[in-house]
Amino acid sequence: MSTKPILYVFGASVWSAAAELAAAELFSEGDIEYKTVNLMEGENFAPSFIKKNPNATLPTLEAEGQFYTSTLEVTSYFVKKASTKVKSANPELIEILHADNLDPNTALLLFRDDDEHKAKSELGTGFLGGRQAALEKYSVHPEAEPHKSFYDERIAANGAFLKLYQGKSSKDEFFAKSHSHFNNIATFFKGPLLSYLPESGFIGGKIPGEDDYHLGAWLTRIAASVGAKNKDDAIPAFEKGFGERVPAKIVSYWKAWTERPSWIKVYPELH
Ligand SMILES: N[C@@H](CCC(=O)N[C@@H](CS)C(=O)NCC(=O)O)C(=O)O
Ligand SMILES: *[C@@H]1O[C@H](CO)[C@@H](O)[C@H](O)[C@H]1NC(C)=O
């Protein structure tokens, strides 16, 4: 790459981890500059960041005077620029993994009953509260003016979710939504996912391809959201969470990823 690209990341972000896996697989330490955008503190809502990515999401890549504003755009750019050739993405699988019904961020924040609400309360109120404070702070900056509808929408949506987490609104509807989200993930995990997975190695073959960066990050977040704390307790956590023996293809895929230096680098902790 002619000039050094800047990858905007956050340690606990699932999609930023997908881009980081790609970067670690395809480039050497020092080829890319990393800048942290603290999502817990809503730094992504700074008007200066919205200028880079109008959706205010991570990952974001700044390279050769351009901004790449989604996970797929970022990983595709990396794959195109890398000297190692890897299998490019299957658009169908990418669309599935990024669809709302399997959203890994919702997987982390959902709660299906009062016990789960209680267990996630600190995480939820911390994250949503940090975002709300940032939205309110940034929305009154002079540079925020052109983005008024951006801030209004997010203040309303994030504010409603925060109220729910704080126990200030009825939780019944969210319990139901959480059940259905959890079931969508369990269903995909036990069924359709298997049709994309190889018997061994990666979708990309012996080494991860572009799909694998997305799926590796998605699967790691799902492991974390069913309670896994490290690579070794993920399979039992899936089993407990989804109530069935974990398919051999998933066991093999999990092992393949978690042995790789890239995964070990990106995941000092599961998230
Ligand atoms: N479809 C987007 C989703 C990215 C996304 O949701 N990123 C999360 C972190 S994993 C984020 O930045 N959330 C901040 C926000 O939505 O305010 C992509 O593929 O890049
Ligand atoms: C923002 O997100 C929407 C919905 O996910 C997407 O269609 C659009 O392309 C995104 N815009 C940018 C600049 O990434």
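Residues numbered from 1 in each chain as written. Chains lettered and ligands numbered in written order. Predicted model: local features only at pLDDT ≥ 70, side-chain atom pairs only at ≥ 80, totals over all residues. Heavy atoms only, no water.

As recorded in an unreviewed UniProt entry, the protein goes by GST N-terminal domain-containing protein and comes from Lentinula guzmanii.

Q: So what's going on with the nonpolar core? Residues and values would help.
A: Counting residues in each nonpolar core, the largest one holds 63 residues, and the members touching the most others are Phe78, Trp218, Phe238 and Phe242. When residues in this core are grouped by element, the largest group, nine residues, is from helix 1 (residues 14–26). Residues Ile6, Tyr8, Leu58 and Phe111 belong to the second largest nonpolar core, which totals 16 residues. (Core = buried A, V, L, I, M, F, W, Y, C linked by side-chain atoms within 4.5 Å. Buried < 20%, exposed > 50% of the residue type's maximum accessible area, 1.4 Å probe, protein only. Helix = DSSP H or I, 4+ residues; strand = E, 2+ residues; numbered from the N terminus.)

Q: Can you break down the sheet that holds strand 4 (residues 66–68) residue by residue, with the values?
A: Spatial strand order, 2-1-3-4: four strands in an open sheet with mixed pairing. Two strands close off the open sheet at either side, each with one partner strand: strand 2 (33–36) and strand 4. Taken over all neighbouring pairs, the strand axes of this sheet differ in orientation by 20° on average, direction set aside. The strands touched by helix 1 within the sheet are strand 1 (6–9) and strand 2, with strand 1 carrying the most contacts at an inclination of about 145°. Helix 3 (residues 71–81) rests against strand 1, strand 3 (60–63) and strand 4 of the sheet, and its axis sits at about 40° to strand 3. (Pairing = 2+ DSSP bridges. Axes fitted to C-alpha atoms, helices over the stretch in contact; angles between N-to-C directions. Contact = heavy atoms within 4.5 Å.)

Q: A description of the pairing of strand 1 should follow, citing residues and the corresponding values.
A: What you see with strand 1 is no split at all: Ile6 and Tyr8 on one side and Leu7 and Val9 on the other are buried throughout. Of the crossover connections in this fold, the one passing from strand 1 over helix 1 to the parallel strand 2 is right-handed. Pairing analysis gives three bridges linking strand 1 to strand 3, with the strands arranged antiparallel. In the sheet register, Leu7 faces strand 3, and the bridge partner there is Leu61. (Right-handed = clockwise from strand over helix to strand, strands pointing away.)

Q: Before we move on, can you summarise the UniProt feature "domain: GST N-terminal" (unreviewed entry) in the protein with the specific residues and values?
A: The feature "domain: GST N-terminal" (unreviewed entry), as given by UniProt, occupies residues 24–83 in the numbering adopted here. When the span residues 24–83 is considered, its composition is 33% helix and 18% strand, and the gap between its end C-alpha atoms is 13 Å. (UniProt positions renumbered as here; feature names shortened; annotations may be inferred.)

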